[in-house]
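# Coordinate inspection notes
This is what each chain is made of:
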Amino acid sequence: IGALGFAWSTPPPFDLKLDQALRAVSDLVAEIIERAEVYDAEHQLIASLHARLLSALPEVDGIATAARYQAAGQNDAIGGDWFEGLVLDDGTIAVVLGDVTGHGLTAAADMALIRGLITALLHDGVHVKDVFALVSRVLTRRPDDLLATAVVALVDTAASTLTYATAGHPPPLLIHPDRT
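Below, the structure is looked at part by part. (Residues numbered from 1 in each chain as written. Predicted model: local features only at pLDDT ≥ 70, side-chain atom pairs only at ≥ 80, totals over all residues. Heavy atoms only, no water.)

### Some thoughts on the nonpolar core
Among the nonpolar cores identified, the biggest contains 25 residues, and Trp82, Ile114, Ile118, Leu122, Val131 and Val152 are the most heavily contacted of them. The set of elements that each furnish at least two residues to this core consists of β1 (79–87), β2 (93–103), α2 (104–123), α3 (128–139) and β3 (148–156). In this view, Leu122 contacts Leu86, Leu88, Ala94, Val96, Val131, Val152 and Leu154; residues no more than four positions away in its chain are not counted. (Core = buried A, V, L, I, M, F, W, Y, C linked by side-chain atoms within 4.5 Å. Buried < 20%, exposed > 50% of the residue type's maximum accessible area, 1.4 Å probe, protein only. Helix = DSSP H or I, 4+ residues; strand = E, 2+ residues; numbered from the N terminus. Contact = heavy atoms within 4.5 Å.)

Structure (structure tokens):
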């Protein structure tokens, strides 16, 4: 529901040509508003999906965790970056970081696919050194190219070990409490 008004300093002659021009302007304004509403709805849907895919890190005794997603720019608020923390059956903590190329819904959907594959393999007990080979084997069967980087780090608090594997992603950085 809306209104569009036109005003003149002197009364114009209202003929068919002026009537058609005013109707054309009003139709264009209505189209612009409709497109803006659709864009806002799509943007909210994608933002909600992305927020859902970036779940909170699990709370684990003896380990302080924190994570935050910050887009590089306002137009890049939705994309293929992700992080995830998992507590595996043996008590090991898995931290996964990744980045799928691209932005928007396609990148978010590709990210959800890769994230799900990695999560399933880790929960199924696949060793960290084999995770990326198995994910790659599944992805090469797709008809379209999907490019991504990722790192998986396993923290075993009982053994005081950190084991990780990378697929084109920078390796994890360990900072001790004394900042070394």
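This is not the end of the story, as more comes after the structure.
### Side note on the pattern of salt bridges
What the rule picks out here adds up to 6 salt bridges. Between Asp19 and Arg23 there is a salt bridge whose closest N-O contact spans 3.0 Å. Of this pair, Asp19 and Arg23 both sit in helix α1 (residues 16–53), separated by 4 residues, roughly a single helical turn. In this structure Arg23 comes out as exposed when scored by relative accessible area, which is 53%. A salt bridge links Arg115 to Glu84; its shortest N-O distance comes to 3.1 Å. Of this pair, Arg115 sits in helix α2 while Glu84 sits in strand β1, and the two are 31 residues apart along the sequence. Several salt bridges converge on common partners, so that one network encompasses Asp110, Arg142 and Asp144. (Salt bridge = Lys/Arg side-chain N within 4 Å of Asp/Glu carboxyl O.)

### Digging into the layout of surface pockets
In this structure, the largest pocket encloses a volume near 900 Å³. Taken together, 31 residues line the largest pocket, and the ones lying closest to its centre are Ile63, Ala64, Val95, Val155 and Leu174. Those elements that provide at least two residues to the lining of the largest pocket are β1, β2, β3 and β4 (161–167). By residue class, the composition of the lining of the largest pocket is 22 nonpolar, 7 polar and 2 charged. The calculated volume of the second largest pocket comes to roughly 280 Å³. Lining of the second largest pocket is provided by 16 residues; of these, Ile114, Ser136, Leu139, Leu146 and Ala148 occupy positions nearest its centre. (1 Å grid on protein atoms, 1.4 Å probe; cavity = no way out; pocket = protein on both sides within 12 Å on 5 of 7 lines; lining within 4 Å. Points joined across faces, edges and corners; volume = space filled by probe spheres on them. Nonpolar A, V, L, I, M, F, W, Y, C, P; charged D, E, K, R; others polar.)

Purely geometric numbers; function is a separate question.
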